[in-house]
Amino acid sequence: MGNEYLEDDEDLFVTITLEDDSEVECQVLTIFEVEGQDYIVLIPEDEIDSEEGEIYIYRYFEDEDGEPGLDNIESEEEFEMVSDVFDQLVEDGEFDEDTDDEL
């Protein structure tokens, strides 16, 4: 899939269910690939314009019908690797969002 940078006119939103069963409406910031696996970065809708905000990173996939899905990142090593790649995308200016990435 590669890196997908979403333009302002392409805002996509998804609803995720957190571990405490609460639901959060999130905007998709980007989808990018690391070592053959796609990852998706989400920001809660109520924090989009916030200087400091929490973001969520999940494994991203599409099933055989083309339906998107998310999986949790299970290991600390994988999370650190993916977080570092996202941080580098932000640093390099390849991803242009004003978010404080509290990973």
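Above this text you will find the structure in question.
Residues numbered from 1 in each chain as written. Predicted model: local features only at pLDDT ≥ 70, side-chain atom pairs only at ≥ 80, totals over all residues. Heavy atoms only, no water.

With that out of the way, let us pick up the side chain of Gln27. Note on placement: Gln27 falls in strand 3 (residues 23–34). In this structure the side chain of Gln27 is engaged in a polar contact, spanning 3.0 Å, whose partner is the side chain of Asp11. What Gln27 contacts, discounting residues up to four positions off in sequence, is Asp11, Leu12, Phe13, Val41, Leu42, Ile43 and Ile48. (Helix = DSSP H or I, 4+ residues; strand = E, 2+ residues; numbered from the N terminus. Polar contact = N/O pair within 3.5 Å; in protein donor to acceptor, adjacent residues only side chain to side chain. Contact = heavy atoms within 4.5 Å.)

With that settled, consider unusual backbone geometry. For residues besides glycine, phi is generally negative; the peptide bonds are generally trans as well. In this structure, Asp21 takes a positive phi of about 70 degrees despite not being glycine. Inspection of the secondary structure puts Asp21 in the loop between strand 2 (13–17) and strand 3. On the accessibility criterion, Asp21 (63% relative accessible area) is exposed. Of note in the backbone geometry, Glu35 takes a positive phi value of approximately 50 degrees without being a glycine. (Buried < 20%, exposed > 50% of the residue type's maximum accessible area, 1.4 Å probe, protein only.)

Here we take up the nonpolar core. Inside soluble globular proteins, nonpolar side chains tend to come together where they are buried. Judged by nonpolar contacts, Leu29, Phe32, Val34, Tyr39, Val41, Ile43, Ile55, Ile57, Ile73, Val82, Phe86 and Leu89 together constitute the single largest core of twelve residues. Here Val41 is in contact with Gln27, Val28, Leu29, Thr30, Phe32, Ile55, Tyr56, Ile57 and Phe86, once residues within four sequence places are set aside. Val24, Cys26, Tyr58 and Tyr60 belong to the second-largest nonpolar core, a separate cluster that totals ten residues. (Core = buried A, V, L, I, M, F, W, Y, C linked by side-chain atoms within 4.5 Å.)

It is worth spelling out the packing of aromatic side chains at this point. For the structure shown, the criterion picks out two aromatic pairs. The interplanar angle of 35 degrees and the centroid separation of 6.2 Å between the aromatic rings of Phe32 and Tyr39 together place this pair among those described as tilted. We note that Phe32, like Tyr39, is buried. For the pair Phe32 and Phe86, a centre-to-centre distance of 6.2 Å together with 25 degrees between the ring planes defines the contact as stacked. Remark: Phe86 occurs in helix 1 (residues 76–91) and Phe32 occurs in strand 3; sequence separation between them is 54 residues. (Phe/Tyr/Trp six-rings, centres within 6.5 Å; stacked < 30°, edge-to-face > 60°.)

Where strand 4 (residues 37–44) meets strand 6 (residues 56–62), five bridges bridge the pair, whose relative direction is antiparallel. Residue pairing across strands places Ile40 opposite Tyr58, the latter belonging to strand 6. Direction of pairing for strand 6 relative to strand 7 (residues 68–71): antiparallel, over a ladder of four bridges. By the bridge assignment for strand 7, Arg59 is matched with Asp71. (Pairing = 2+ DSSP bridges.)

Here we take up the pairing of strand 4. With seven of eight residues buried, strand 4 lies mostly within the body of the structure. In terms of strand pairing, strand 3 meets strand 4 through eight bridges, oriented antiparallel. If you follow Thr30 over to strand 4, its bridge partner there is Val41. The hairpin turn running from strand 3 into strand 4, its antiparallel successor, is two residues long, and Glu35 in that turn takes a positive phi close to 50 degrees.

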